[in-house]
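Residues per chain are reported as follows:
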Amino acid sequence: MSLPAVLLAAGSSPSPTPSQSTTPTVPTLQDAQEGATNAASWVEQNWSTWLAIGLRVLLIAVIAIVLRVIVQRSITKLIDRMTRTAQAAEGTALGGLLVNNERRRQRSQAIGSVLRSVASFLILGTAALMILGTFQINLAPLLASAGVAGVAIGFGARNLVTDFLSGVFMILEDQYGVGDSIDAGVASGEVIEVGLRVTKLRGAGGEIWYVRNGEVKRIGNLSQGWATAGVDVTVKASEDLDRVKAVLDEVTEKMSAEEPWNELLWSPIEVLGLDSVLLDSMVVHVSAKTMPGKSLTVERELRWRIKRAFDAADIRIVGGATAPAEEEIPDPNAAVAPPSVFANSESPQAAAASPIVQQRPPTK
């Protein structure tokens, strides 16, 4: 085809002008009907799957909630049973001292709170993972990420985890409670609050110690069971042992029969005998079992009575392991030089040195 023919053909065809615009196509009723039919068919094809997933999620949630309620009620009943057992122990002489209301309440609350929190975390966490698995979500990356995060948090907060676990086991094992006097190594005093992370102690001077449970390596509880009051009496080695023992027996019998010492003493005061014998002294040991925390009070009263009885019986108590040797009081004038014998007019030396007195002849 020649060039003129091509140009003629291009000129004969209408060329679009810039002012002309395409009109939007309006969906017809038939298009809407086709879209609704497709959506209905898609829903019809997938409704059974959705219903199965929803029922499975609902079943998992219902089972988790019911199981959580059952477990928490079981834990509550267990704690109540422990409380009733402790209340039954109050009828005995020892139980009333080992268990008090505040200590029992705090211990029960702490144990119940820890057990309920652990049970809720395990049950609800397992249910959440099962629900995610129902939606066909790959849990392997999630569990791996949670494991890595747990390891990182564990390394970063290992002291906090150690304090928490130590506090849980201290409470579960009932190592101490509110009102107990303990020696925790880093501090000692009376327990005023027991927590899962920190224990508060009231020191002898009134100060409050905040002791982290993870730092406690050993605990000496001075308020459980019974205490021992021991008094060492040091007397001269020349004292009569039978007489000393008789005076001590009289003191201990009288103290054991008087109030309030008869309630604080849980066994008769015993004179155990000689603890040591030295050249110039001997030590007699007196001991008794007392109410927890009352050993120092009994020891002070016992020393007071023994001292007064020994003074009345003229038995000397010496201090320290050995008695100091008796020495004569030195004469303060011993270091002073004696005066000259000539200063005494009656001394023979003074008489010999005095001038000769002429004797007068006797008168007739």
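Residues numbered from 1 in each chain as written. Predicted model: local features only at pLDDT ≥ 70, side-chain atom pairs only at ≥ 80, totals over all residues. Heavy atoms only, no water.

(A) Representation of the packing of helix α7 (residues 241-257) against helix α9 (residues 295-312). Where α7 meets α9, the axes come as close as 10 Å, and the angle between the chain directions of the two elements is 130°. In terms of axis orientation, α7 runs oblique to α9. Crossing handedness for the pair α7 and α9: right-handed. Packed against α7, whose contacting residues are Val244, Val247, Leu248, Val251, Thr252, Lys254 and Met255, the element α9 presents Val298, Glu301, Leu302, Arg305, Ile306, Ala309 and Phe310 at the interface. (Axes fitted to C-alpha atoms, helices over the stretch in contact; angles between N-to-C directions. Helix = DSSP H or I, 4+ residues; strand = E, 2+ residues; numbered from the N terminus. Parallel < 35°, antiparallel > 145°, perpendicular 65-115°, else oblique. Left-handed = near helix turned anticlockwise from the far one by under 90°. Contact = heavy atoms within 4.5 Å.)

(B) Representation of the sheet that holds strand β7 (residues 270-277). Here three strands make up an open sheet; going across it, the order is β6-β8-β7 and the pairing antiparallel. Whereas interior strands pair on both sides, the edge strands pair on one side only; in this sheet they are β6 (227-236) and β7. The sheet shows a mean angle of 25° between the axes of neighbouring strands, direction not considered. Where β7 and strand β8 (residues 281-290) come together, six bridges link them in antiparallel fashion. From the neighbouring strand, Val277 faces β8, where its bridge partner is Met282. Its contacts with the sheet put α7 on β7 and β8, and the angle it makes with β8 is roughly 25°. Of the strands in this sheet, β6 and β8 are in contact with α9, which crosses β6 at around 25°. (Pairing = 2+ DSSP bridges.)

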